[in-house]
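# Survey of secondary and tertiary structure
Here are the chains, one letter per residue:
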Amino acid sequence: MQINVSINGKKAAYEIDNNEFLADTLRRHGMLSIRKGCNTSNCGLCTVWIDGKPVLSCSLLAIKADGKSITTIEGVQHQAEEFARILVEGGADQCGFCSPGFIMTVLAMKNELKNPSEEDIIHYLTGNLCRCTGYMGQLRAVKKYMGVE
Amino acid sequence: MFTMISLVQPATLDEAYDVLMKSKNNTILGGCGYLRMGSKRISTGIELTKLNLNYISEKDGFVEIGAYATLRDLETSPILNKHFNGVIEKAVAGIIGVQFRSMVTAGATVFSKYGFSDPLTALLALDCDVELFKGGRMPLEDFLSRPFEKDILVRILLKSNGRKAVYKNFRNAASDYSILNVSVSRLDDDFRIVAGARPSTARIAKKASALISGKFLQSPPDEALISEAAKLAQEELNFGTNMRGTKEYREELCRVLVKRAIEEVLECK
Amino acid sequence: MKIVGKAIPKIDGLAITTGKPVYTEDLSTKDALVIKILRSPHAFAKITSIDVSKAQQVEGVECVLTYKDVPDARFTLAGQSYPEPSPYDRLILDQIVRYAGDEVAIIAAVDEKTALLAMKLIKVEYEVFEPVLDFEKSIGSSTVVHPEDDLHCNFDMGMEKGKNIVARQHIEYGNLEEEFKNCDVVVEETWYTQATAQSMMETHRSFSYLDHAGRLVVICSTQVPFHVKRMLSIALKLPSNKIRVIKPRIGGGFGAKQTACTEIFPALVTIKTGKPALIVQDRTETFMASTTRHAMRVKVKMGADKEGFIKVIDIHGLSDTGAYGEHGSTTVGLVASKTLPLYNKTKAIRFMAEVVYTNKTPGGAFRGYGATQGTFAVESTINKLAEKLSMDPSEIRLKNIIKEGENSLYHYDQMLGSTALHKCIDTGKKMIGWDSKYPRTVLGKNKVRAVGMAITMQGSGIEKVDMASAEVRLNDDGNYTLLIGSTDNGTGSDTIHAQMAAEVLEAGMDNITVLSADTDVSPFDPGSYASSGTYVTGMAVVKASEELKRKIVDSGAKLLDVPAENTEFCGDSVKVLNKDRSISIRTIAEKSVLGGMKNQLSGFASYGSPVSPPPFVAGFAEVEVDLETGKYDLIDYVAVADCGTIINSNLARIQLEGGIVQGIGMAMYEDVHYDYKGRLQTNSFMQYKIPSRRDVKQVRTAFEESYEPTGPFGAKSIGEVVINTPPPAIAHAVYNATGVWVSHLPITPEKVFMGMNR
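Because the structure is a prediction, the values reported are computed rather than measured.

### Notes on the overall build of chain A
- Scanning chain A from N- to C-terminus turns up 5 helices and 5 strands.
- Going residue by residue from the N terminus, the α and β elements of chain A occur as β-β-α-β-β-β-α-α-α-α.
- Relative to a compact globule of 149 residues, whose C-alpha radius of gyration would be 15 Å, chain A shows 15 Å and is just as compact.
- Reported as C-alpha extents along the three principal axes, the dimensions of chain A are approximately 50 × 25 × 25 Å.
- Out of the 149 residues belonging to chain A, those deemed buried represent 62%.
- Look at the contacts in chain A between residues 6 or more apart in sequence, and 63% of them connect residues 24 or more apart.

Written as structure tokens, this is what we have:
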């Protein structure tokens, strides 16, 4: 079957299997920033935006993306780099494998929450796991990025 | 990983139901969060996006939740947050993460009667009906006790009657399944005590609820009565052992959580 | 110092965070065969028949391999220096399967869907044996995990495979019986640490192909490329120089990738078919079929005089190495070697241990590598001892720990080169408010807060064994290339090595290009384990840079036509002393590749150390316990580390924070769990809970720098020591709050509750 999507601002038609998940579709079409860190929807590494909202591309049947606009980190490079620089400046990049999914969630949070508290930030980002940093460095970077004390 | 031979997106409920009943292995697809962890063999998957069931609205004294409303929709709904002491938000907020909750549907959560479910416990403490396409409308409690029957859950209805509810859950790691969850609600002198993730599905502790409700008219419940009700709830419900906790521990937790939930609901304005 | 010690950003930081395709799977080719593995559902069984004919006939299937199709030489998957102290107890595919998840067949097909379809068509019949799952019942069990005759050990490790014993250890100094008699206080306790899973975000994966010269190239997510090369050579019976192993960017390891779980499969398929091949383990496979931390039982008996001087320590360890013995004999030693030297007032010490096989996922390398298990047992016993003596636990440690220049019974001939552990303890106490909070504060009828502490040491490389080399080359454009074999797991070792070279050569980070972890290009390096990167490879980098600097000065002097003693190195030039004459490095470089000078300059050095200077951490935990349920919140954790000179302030801090959180996971949530048939139940992040953002309230860190004379710029290591303190510190805090010693990790609310209500 075929789905018609807008991917990072461009129109595209993808041939898909009916039991294919979006993460595999996207990787097949060159968006290699999408990583699969688990197979139980727990880790958040595969986070993309559907119509601007963060979802797990590993758990979204590709057919459900039909007619929607999909955004991956490849499509928001400028914003992503702005936050990525802060992460890297603090050494909180480490292995980087969780970063694209994490950054997509941070950027979505910035769009959705106005004046979040530290607790709001932690709550929003809970679905993004990291094994390297212990989360402290990531929180420092997010607070700096969002201008939160 | 599950396998699926074909997929349809019907335009009407009738169409959806026809396809569902055509073959034993035809299945309604929700958010697929739980589905992708198993290895079910599906003949035709029935995807309901075209039915526009992803709404939360108020009508005729009920809050209506469409089957395709996501847990994130429930969490952030200004309508739901106005009612029931915001208990629905509290019940779903701790589940995995924002992205996950944006995909898992209320309909699938309720229809599947998951033992580990957090929102099911809170819903059962409220005055909740479910509407099935074929089975019609019935109280959630009835639906939960019926044997499995193929059907489509269309919407969940909560009577917006001023009932206040409190939700308590107990987990070790913050984004783990609950070891136990409890919800206690109150409408005037009517209390309802529910425990879930026992590890089995949420159930009302009827005797304990009756105890508190009955005594309430005489005098506000004191510590002794609350403890008695909590103990009764633990005795009348069944608990089990799994990787996360033993039966004995769950029984202890039930007493503590029910006690605390009753104390808290008494303080709700 | 200009660059060492500073918060230099990682050289790969921006690319990896913004999703650039620089990891193993991204580098595989589109036409690569996809490999899937059929795995045993039984914990212990023999394959009595296997029929792959239907699977082979599926369109798109390239080959299906069984135990009948693979070389029959046993080897080890362990990434250790040769000759490995690991039993050669593996075959690529064996007729006997020894744990649920053990490999049964290799399927290579054009895509994943086809491979999985073919897998379903393989018919296997097993003769199922009774597995041995309880490591305390393994010795002498009627189930013998490795009955085969062709199992081979490079050394005598004390193996008695008929009894399921892989290795034994016995170290003893002094007269224990005598010393115990003279002690005023004796404490004896048995502690259990659970198996835990490394859980790095990138699972195991490898990609292989044949290059233009017919050589096998393997691109893999590994910590040990040189060991992988050798292992493939042995397992495939292929000359080692026909193999090239490359480590690209990888998504973490923490020790998991010191065992080569996947490399052999695409390599075998590529050899057999001539085609590129890729294997990517999914998360379930990585949980089930890679490695875990060794579960251990550690008995500690400790005696002290009434002043609190610890006179004798007796440790007995039992370690569960699962179905294969890769890291079994080496991890167990650290239970003692990274605990006993801390307390050097002892007059007698003993360490005895057995390592046993069971039919479970093999034990492997995981940050701490035995020291974590030993630290939990010894530190918890010290905390018990302190209480029995009515001494503050920080005081008993300050009294007993080793000081600079002192030796210990364990390292009799070695003087400790550097330590700031006393300062770490003092600083940590201040930060957490130890004096006002120890032991507990009652907040209400059912709420108590309490604090606990632990200290730990690790090593920096393996003394007398680890050796790394480095080369620094001056290129024709005046810039440098640094060639090293150390494998950056994401920790930033590439970056800190560039910092070291830049510091010596007085250059900028932009002037140094790092080429690492390619066995064709890099000088030999054991890889990133045993915390060797900063210390061992780092020293090689420093020495190589110094050699190059001397050569640059010599060349410059020649070109300036003055003796070398009359010149000085100025970073961007070589200058004549007291004269206004100089020649730029750029010019030296250009001339070095022209006919005139015809001498390209490079520095090369190898380094191995006779010592493994320990880094130290003092850890402090504060908990708030709900006495009605046993649930406790970890409201604060303070960790103060001495890793010698800090090379990169950001990266050191993140290592400490990250390691503490992994230790918190081990203390509170993580637990590898099997069912009664030996099947792994914790095979997903849904069941195996690593800490999430909401689980960790606050981790505060600080450093007390000592100066290690044998280390580059005075540095030691930090990679592993950071994980060890949380389990004993948290156990201690929970005890202080509730009176319950949880001696079997993890410390769950239920265990606390049951302890209070028994």
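Next comes the rest of the write-up.
### A look at the overall build of chain C
- Secondary structure summary: chain C contains 19 helices and 27 strands in total.
- In terms of C-alpha radius of gyration, chain C reaches 27 Å, essentially the compact-globule figure of 27 Å for 758 residues.
- For chain C, the spread of C-alpha atoms along the principal axes amounts to about 85 × 75 × 50 Å.
- By sequence separation, contacts in chain C at least 24 residues apart represent 80% of the contacts at least 6 residues apart.

### Things to note about the packing of helix 10 (residues 371–388) of chain C against helix 11 (residues 393–400) of chain C
Residues and elements named next belong to chain C.
- Closest axis-to-axis distance for the helix 10/helix 11 pair is 9 Å, and the angle between their directions is 110°. When the interaxial angle is binned, helix 10 and helix 11 end up roughly perpendicular. Contacts from Ile382, Asn383, Leu385 and Ala386 of helix 10 reach helix 11 at Pro393, Ile396 and Arg397.
- The residue inventory of the contact of helix 10 with helix 11, partitioned by class, reads 5 nonpolar, 1 polar and 1 charged.

### Section: the interface of chain B and chain A
- Of the residues lining the interface, 19 residues belong to chain B; the matching set on chain A comes to 21 residues.
- Only strand 1 (3–8) and helix 5 (98–101) of chain B provide two or more residues apiece to the side of chain B that touches chain A.
- The leading source of residues in the side of chain B that touches chain A is strand 1 of chain B, at 4 residues.

### Section: the domain arrangement of chain A
Residues and elements named next belong to chain A.
- Each domain of chain A was delimited in the assignment, giving domain 1 (2–72) and domain 2 (75–146).
- Distance between the C-alpha centres of domain 1 and domain 2: 21 Å.
- Elements with a contribution of two residues or more to the side of domain 1 that touches domain 2: strand 3 (47–50) and strand 4 (53–56).
- Looking at the side of domain 1 that touches domain 2 residue by residue, the class counts come to 6 nonpolar, 9 polar and 2 charged.

### Focus: the pairing of strand 9 (residues 164–170) of chain B
Residues and elements named next belong to chain B.
- Counted residue by residue, strand 9 has 7 buried out of 7 residues, so it is predominantly covered.
- Of the two faces of strand 9, the one lined by Lys164, Val166, Lys168 and Phe170 and the one lined by Ala165, Tyr167 and Asn169 are each fully buried.
- Inspection of the sheet shows strand 9 paired to strand 10 (residues 180–187) by 7 bridges, in the antiparallel sense. In the sheet register, Tyr167 faces strand 10, and the bridge partner there is Ser183.

### Thoughts on the interface of chain C and chain A
- If you look at the interface, chain C gives 42 residues, while chain A gives 41 residues.
- Of all the elements in the fold, those that place two or more residues in the side of chain C that touches chain A are helix 1 (13–17), helix 8 (283–289) and helix 17 (649–668) of chain C.
- Grouping the amino acids of the side of chain C that touches chain A by side-chain chemistry returns 17 nonpolar, 15 polar and 10 charged.

### Some remarks on unusual backbone geometry
- Of the consecutive residues Arg198(B) and Pro199(B), the connecting peptide bond is found in the cis state with omega at 15°.
- With respect to the helices and strands, the residue Pro199(B) is situated in the loop between strand 11 (190–196) and strand 12 (203–204).
- In the segment running from Leu745(C) into Pro746(C), the intervening peptide bond is cis, with an omega of -5°.
- Note that Pro746(C) resides in the loop between helix 18 (726–738) and helix 19 (749–757).
- Of note in this structure, Asp60(B) is not a glycine but carries a positive phi near 50°.

### What to know about the pairing of strand 19 (residues 480–484) of chain C
Residues and elements named next belong to chain C.
- For strand 19, the tally of buried residues reaches 4 of 5 residues, placing the bulk of the element in the interior.
- Pairing analysis gives 5 bridges linking strand 18 (residues 467–474) to strand 19, with the strands arranged antiparallel. Residue pairing across strands places Arg473 opposite Thr481, the latter belonging to strand 19.
- The hairpin formed by strand 18 and strand 19 contains 5 residues between the paired strands, and Gly478 there has a positive phi angle of roughly 85°.
- Note that strand 19 and strand 20 (residues 512–516) share 5 bridges and pair parallel. When the bridges of strand 20 are listed, Leu483 appears paired with Leu515.
- Where the polypeptide runs from strand 19 across helix 14 (residues 493–504) and back to strand 20, its parallel neighbour, the crossover connection is right-handed.

### Here we look at the environment of Phe21(A)
All names here are of chain A.
- Tracing the sequence through the fold places Phe21 in the loop between strand 2 (10–15) and helix 1 (22–28).
- Residue classification places Phe21 among the buried residues on the basis of 24 C-beta atoms within 10 Å.
- As a C-alpha pair, Phe21 and Lys143 span 122 residues in sequence and 33 Å in three-dimensional space.
- Once residues lying within four places of it in the same chain are set aside, the contact partners of Phe21 are Ser57, Cys58, Ser59, Leu60, Leu61 and Ala62.

### Regarding the domain arrangement of chain C
All names here are of chain C.
- Taken domain by domain, chain C consists of domain 1 (25–129 + 204–280), domain 2 (295–460 + 613–757) and domain 3 (467–608).
- The centre of domain 1, based on its C-alpha atoms, is set 39 Å off from the matching centre of domain 3.
- If you look at the interface, domain 1 gives 19 residues, while domain 3 gives 14 residues.
- Contributing elements (two or more residues each) for the side of domain 1 that touches domain 3: helix 6 (225–236) and strand 11 (243–246).
- The dominant element in the side of domain 1 that touches domain 3, judged by the number of residues it contributes, is helix 6, at 4 residues.
- The residue inventory of the side of domain 1 that touches domain 3, partitioned by class, reads 6 nonpolar, 10 polar and 3 charged.

### Details of the nonpolar core
All names here are of chain C.
- If you look at the biggest cluster of nonpolar residues, it comprises 378 residues, and the most contacted ones within it are Ile35, Ile107 and Val734.
- Top element by residues in this core is helix 17. It accounts for 10 residues.
- For Val734, the residues in contact, after removing those within four places along its chain, are Val623, Val625, Tyr632, Val740, Val742, Ile747 and Val752.

### A few points about the sheet that holds strand 5 (residues 103–109) of chain C
Residues and elements named next belong to chain C.
- Judged by pairing direction, the sheet is mixed, and its 7 strands sit side by side in the order 3-5-1-12-9-10-11 without closing on themselves. Looking along the sheet, the strands with just one partner apiece sit at the ends: strand 3 (61–65) and strand 11. Strand-to-strand, the axes of this sheet are offset by a mean angle of 20°, without reference to chain direction.
- Here 4 bridges tie strand 3 to strand 5, and the two strands are oriented antiparallel to one another. Along strand 5, the bridge assignment pairs Val61 with Ala109.
- The sheet contacts of helix 7 (residues 264–273) involve strand 1 (33–39), strand 3, strand 5, strand 9 (205–210), strand 10 (216–220) and strand 12 (277–280), and relative to strand 9 the element is tilted by about 20°.

### Describing the sheet that holds strand 17 (residues 447–457) of chain C
All names here are of chain C.
- Read across the sheet, 5 strands follow the order 16-17-25-26-27 without closing on themselves; strand pairing throughout is mixed. Since the sheet does not close on itself, it has two edges, and those belong to strand 16 (440–442) and strand 27 (699–703), each with one partner. Averaged over all adjacent pairs, the angle separating strand axes in this sheet is 15°, with direction ignored.
- In this structure, strand 26 (residues 631–642) lies alongside strand 27, joined through 5 bridges in parallel fashion. From the neighbouring strand, Tyr637 faces strand 27, where its bridge partner is Val699.

### Some points on the environment of Pro613(C)
Residues and elements named next belong to chain C.
- Within the secondary structure layout, Pro613 lies in the loop between strand 24 (602–608) and strand 25 (616–626).
- For Pro613, a count of 27 C-beta atoms within 10 Å translates into the label buried.
- Residues Pro613 and Ala715 lie 102 residues apart in sequence; the distance between their C-alpha atoms is 9.4 Å.
- Residues contacting Pro613, with those up to four places away along its chain left out, are Gly417, Ser418, Ser460, Glu708, Thr710, Gly711 and Lys716.

Quick notes on the rules
Residues numbered from 1 in each chain as written. Chains lettered and ligands numbered in written order. Predicted model: local features only at pLDDT ≥ 70, side-chain atom pairs only at ≥ 80, totals over all residues. Helix = DSSP H or I, 4+ residues; strand = E, 2+ residues; numbered from the N terminus. Rg over C-alpha atoms; globule rule 2.2 N^0.38 Å. Buried ≥ 20, exposed ≤ 12 C-beta atoms within 10 Å, placed from the backbone. Contact = placed C-beta atoms within 7 Å. Axes fitted to C-alpha atoms, helices over the stretch in contact; angles between N-to-C directions. Parallel < 35°, antiparallel > 145°, perpendicular 65-115°, else oblique. Nonpolar A, V, L, I, M, F, W, Y, C, P; charged D, E, K, R; others polar. Domains from an automatic or database assignment. Pairing = 2+ DSSP bridges. Right-handed = clockwise from strand over helix to strand, strands pointing away. Core = buried A, V, L, I, M, F, W, Y, C linked by C-beta atoms within 7 Å.

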